[in-house]
Amino acid sequence: MVTADRIFLIPLLPFAAFVVNILFGARFLKHRAAWLSILTSIAACVIALPVCFEVFGGARFANDFAWLRINDGVLRFGYLVDPLSASLLFMVVIVGTLIQIYASGYMQGDPRYSRFFAYVSLFMSAMLTLVISNNFILFFMAWEIMGLCSYLLIGFYFQKESAAKACFKAFLTTRLGDVGFLIGVLMLFLALGTFDFSEINRALALGDHGALPLSFLATSAIFIFCGTIGKSAQFPLHVWLPDAMEGPTPVSALIHAATMVAAGVFLVARSFTIFMAVPETMPVVTTIGCITAFMAAFIALTQTDIKRILAYSTISQLGYMVTALGMQGLGAGTFHLITHAFFKALLFLGAGSVIHGTHVQDIRQMGGLFKKMPHTAVTFIIASLALAGVPPLSGFWSKDEILLTAFASGHTLVFWILLLTAFMTAFYMFRLVFITFFGKARDPHVHAHESPAVMTLPLWGLVLGAVLLGIPGSPLMHHWFQQFLAHAIHHPEYHPSAFVMTCSVIAAVGGITLAGIIYMKNTHWAESIAKRFRPLYRLSFNKFYLDEIYSKFIIRPFTALGEVLYRFDAKVIDGSVNGVGAGAMWLGAVKNWIDKYIVDGLVNFMGTLTCFLNSIVKRLQTGFVQNYLLIAFLGFLAFIIWELKLV
Amino acid sequence: MTLIPVEHVLIFSLLLFAIGLYGTLTRRNIIGILISIELMLNAANINLVVFAKTTSLSPETGQVFAVFVIAIAAVTVAVGLAIVLALYRSRKTIFADEVHLLKW
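Computed from a predicted structure; not experimentally measured.

Focus on the overall build of chain A
In terms of helices and strands, chain A carries 26 helices and two strands. Taking 647 residues into account, the globule formula puts the C-alpha radius of gyration at 26 Å, and chain A, at 38 Å, lies well above it. A total of 647 residues make up chain A; the buried ones form 50% of that total. Within chain A, contacts between residues at least 6 apart in sequence are counted, and of these 80% link residues at least 24 apart.

Shown next, in the form of structure tokens:
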């Protein structure tokens, strides 16, 4: 266990970088802030990779400590590095480090350079915590910190109104799912009395559902899945992810393509035993994933912003993973998650490099960049091929696994939808590639140049992953990866099918060819097709009008309700408060009047009366001593007369 | 020896008292006022002596009172003359109507 304790350092090192950067970055570190973040990230790599390889070799690390005692209950925090978390850990440290190296070049000259790296380090810390956490509470905390980082980084250029709105939207939309997630976790605790993953797995493996009925567990599973819907941008909460592209491109690559959005999928994989215990929830997961995969791919067909195309592609691929998990394909889903992280991060970094080189994001202003940006172009095309699913790149193997799962588990409809999605994926990716990198430069104002080595080298690093990482899960290695995961949690396995592979290759090649025909040879075709299928085109171009629908049916009623409540507040509550105030002031005025004229009046009257009487009586005191004697004598006489009753 | 009737003595003392009172009230000279006061005191003394003689009390009672009055009169005159002297030194006057500062 001595060696195991270094695992605590994995998330703590980036956290230290965050603390130093946020406190001293702007004043003392400046451009060196990036070095600190990258160094801690590499250190995390150095610690994490041997651990991962030990787990790949069959080891398993777990350690925890009591964090909170409530009466008899003890909440224990700690880490659990099992095959599932080791796979993600492997991916996160490598992709994270490469993206940070890239970002140090991409963000060069930004006034808030150190702040950017502080946020990224905090994000890395949270993501690593999430991956190796051993219970739902720690998981949720890391999950929320990631949400915060996502918010901060989407709104990094907060001086742009669109970015400010986008981060707001992303935060609120994901929060909707997070509330569900928290409810689900608490329900799970009610049912099973623990947050610990291992204990939950153990209890459910023994068929122990706790005291509450199975439907309760199913409800909690659905609520937990809400977290996935929010974080992994599944239908109907996917609308935040395309807007999240307002953030700096390395952020899009790190958070909104490779790691954070994958955390939702990881959540389903983590709570896989729960879903397995209540198989009735599985169709929900499959349906949501399937709708997401298809819809996002359909929208991506017509978008023109390079990052938005990639964003919809990410949503679509996440839908793929969720679909796979819904069909009990834990291995396939996780496998696609890992490979996707590499080639999608690569695509985003490539897009970032293009934006860096051309300063535009609209693909209609690009064109013919291949010669000017050879490194970017080559790596981008390799990543596109991987995403399209061209053998033998990683995307082919992982996508094939998902299609195989759908086909072999009897979800025929899902299989065909996913196949169509794969075709569309190949089409829109190569539409993007052909428009951006080939043909002629469309906008004479754009002067493209290749990005510096600090940006292109991480691209080549990711290319290695995008090309090679498919091998461990392919039939060439007898599905080593899937068996490795199955080692932890039992799930069905299928023999590779030549039919599925053929379909997959045809879809990929078909999509690429069609894109080539339309966008390389007959560019006018695109418009005529758009005209012919105008309703479909508009549906796709306007993203199924979902933003408008949400705006009309959810946001507007809410703002209207807010307006009404505000009026109520302003008129009734403030009115009554002001009324009480005014009443008190009136009462005060009355009391003031009474005080001034009655109480003071009485006092003054007494004074005045005394003065008045005095002014009369004082005349007796003349100062002539004989007067006094006379008065005394007269008084004496009066007394005598009175006493003797002479009158 | 025939006794003088009480009524006569009383009328005499009344007249003496009235003269003293009139003097006290009207004299401007403080020494005159003091003398008038002496008159009134002596009128009272006569009354005391007469009543001591004519009532059933022992005659010494009235006479003792009269002696007391004479003694006190001497004292008052002493004090009064001292005041007059002090007044004369400070204000160069012995007229009562010229010293009326002690008023409202």
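Moving on, there is more to tell.
So, the overall build of chain B
The number of helices and strands found in chain B is three helices and zero strands. The globule rule puts the C-alpha radius of gyration for 104 residues at 13 Å, and the 17 Å found for chain B is more than 25% above it. By principal-axis analysis of the C-alpha atoms, chain B measures approximately 55 × 30 × 25 Å. Burial status across chain B gives 12% buried among its 104 residues.

With respect to the nonpolar core
If you look at soluble globular proteins, the nonpolar side chains tend to sit buried side by side. Within the largest apolar cluster, 204 residues are counted, with the highest numbers of intra-cluster contacts made by Leu 89, Ala 345 and Leu 346 of chain A. When residues no more than four places from it in sequence are discounted, the contact partners of Ala 345 of chain A are Val 95, Ile 99, Ala 253, Ala 257, Ala 258 and Leu 462 of chain A.

Re the environment of Pro 250 of chain A
Residues and elements named next belong to chain A. For Pro 250, the location among the structural elements is in helix α10 (residues 249-258). The class for Pro 250 is buried, based on 27 C-beta atoms found within 10 Å. Along the backbone, Pro 250 and His 336 are 86 residues apart, and their C-alpha atoms lie at a distance of 21 Å. Every residue in contact with Pro 250, bar those within four places of it in the chain, is listed here: Ile 99, Tyr 102, Ala 103, Tyr 106 and Gly 352.

Section: the packing of α10 of chain A against helix α14 (residues 306-326) of chain A
Residue and element names in this part refer to chain A. Their axes nearest at 11 Å, the elements α10 and α14 cross at an angle of 10°. Comparing their axes, α14 and α10 come out roughly parallel. Residues Thr 249, Ser 252, His 256 and Ala 257 of α10 pack against Lys 307, Ala 311 and Thr 314 of α14.

A look at the interface of chain B and chain A
Note on interface size: it is often stated as the accessible area lost on association of the parts. Counting from both sides, the interface comprises 10 residues of chain B and, opposite them, 10 residues of chain A. The class makeup of the residues in the side of chain B that touches chain A is six nonpolar, two polar and two charged.

What to know about the pairing of strand β2 (residues 73-81) of chain A
In summary, the side chains of a regular strand alternate between the two faces of the sheet. With nine bridges connecting them, strand β1 (residues 61-70) of chain A and β2 of chain A associate as antiparallel partners. Bridged to Asp 64 of chain A within β2 of chain A is Gly 78 of chain A.

Let's talk about the pairing of β1 of chain A
The buried fraction of β1 of chain A is low, at one of 10 residues. Here β1 of chain A hands over to β2 of chain A after two residues, with Asn 71 of chain A in that stretch at a positive phi of 50°.

Quick word on the environment of Ile 83 of chain B
Tracing the backbone through its elements, the reader meets Ile 83 of chain B in helix α3 (residues 59-91). As a C-alpha pair, Ile 83 of chain B and Arg 28 of chain B span 55 residues in sequence and 15 Å in three-dimensional space.

Digging into unusual backbone geometry
Most peptide bonds are trans, and most residues other than glycine sit at a negative phi. Residue and element names in this part refer to chain A. Residue Pro 236 follows Phe 235 across a cis peptide bond; omega there is 5°. Positionally, Pro 236 belongs in the loop between α8 (214-231) and α9 (240-243). Geometrically, the link from Pro 391 to Pro 392 is a cis peptide bond, its omega value of 5° lying close to zero. Positive phi, close to 65°, is recorded for Gln 328, a residue that is not glycine. Mapped onto the elements of the fold, Gln 328 is located in the loop between α14 and α15 (330-358). Positioned with a positive phi, His 359 is a non-glycine residue whose angle comes to about 65°. Along the chain, His 359 falls in the loop between α15 and α16 (369-372).

What about the environment of Tyr 119 of chain A?
All names here are of chain A. Residue position: Tyr 119 is located in helix α4 (residues 113-132). Along the backbone, Tyr 119 and Leu 152 are 33 residues apart, and their C-alpha atoms lie at a distance of 7.5 Å. Residues within four places of Tyr 119 in sequence aside, it is in contact with Cys 149, Leu 152 and Leu 153.

What to know about the packing of α14 of chain A against α15 of chain A
All names here are of chain A. One can describe the packing of α14 onto α15 by two numbers: an axis separation of 9 Å at closest approach and a directional angle of 175°. As the angle between them shows, α14 and α15 are arranged roughly antiparallel. Across the interface between the two elements, Ile 306, Lys 307, Leu 310, Thr 314, Gln 317, Tyr 320, Met 321, Ala 324 and Leu 325 of α14 pack against Leu 330, Ala 332, Gly 333, His 336, Leu 337, His 340, Lys 344, Leu 347, Phe 348, Ala 351 and Val 354 of α15.

Points about helix α22 (residues 498-521) of chain A
Between its terminal C-alpha atoms α22 of chain A stretches 33 Å, which fits the 34 Å expected from 24 residues at 1.5 Å a residue. Considered for burial, the residues of α22 of chain A that qualify are Val 500, Cys 503, Ser 504, Ala 507, Ala 508, Gly 511, Ile 512, Ala 515 and Tyr 519 of chain A.

Overview of the confidence of the model for chain B
Residues and elements named next belong to chain B. Of the residues in chain B, 97% reach a pLDDT of 70 or more, and the chain-wide mean stands at 88. Here helix α2 (residues 30-54) is the element of chain B with the lowest mean pLDDT, 90, and helix α1 (residues 6-26) is the one with the highest, 92. Prediction confidence for the complex, expressed as pTM and ipTM, is 0.75 and 0.84 respectively.

About the cut-offs
Residues numbered from 1 in each chain as written. Chains lettered and ligands numbered in written order. Predicted model: local features only at pLDDT ≥ 70, side-chain atom pairs only at ≥ 80, totals over all residues. Helix = DSSP H or I, 4+ residues; strand = E, 2+ residues; numbered from the N terminus. Rg over C-alpha atoms; globule rule 2.2 N^0.38 Å. Buried ≥ 20, exposed ≤ 12 C-beta atoms within 10 Å, placed from the backbone. Contact = placed C-beta atoms within 7 Å. Core = buried A, V, L, I, M, F, W, Y, C linked by C-beta atoms within 7 Å. Axes fitted to C-alpha atoms, helices over the stretch in contact; angles between N-to-C directions. Parallel < 35°, antiparallel > 145°, perpendicular 65-115°, else oblique. Nonpolar A, V, L, I, M, F, W, Y, C, P; charged D, E, K, R; others polar. Pairing = 2+ DSSP bridges. Expected span 1.5 Å × (residues − 1). pLDDT = per-residue confidence, 0-100.

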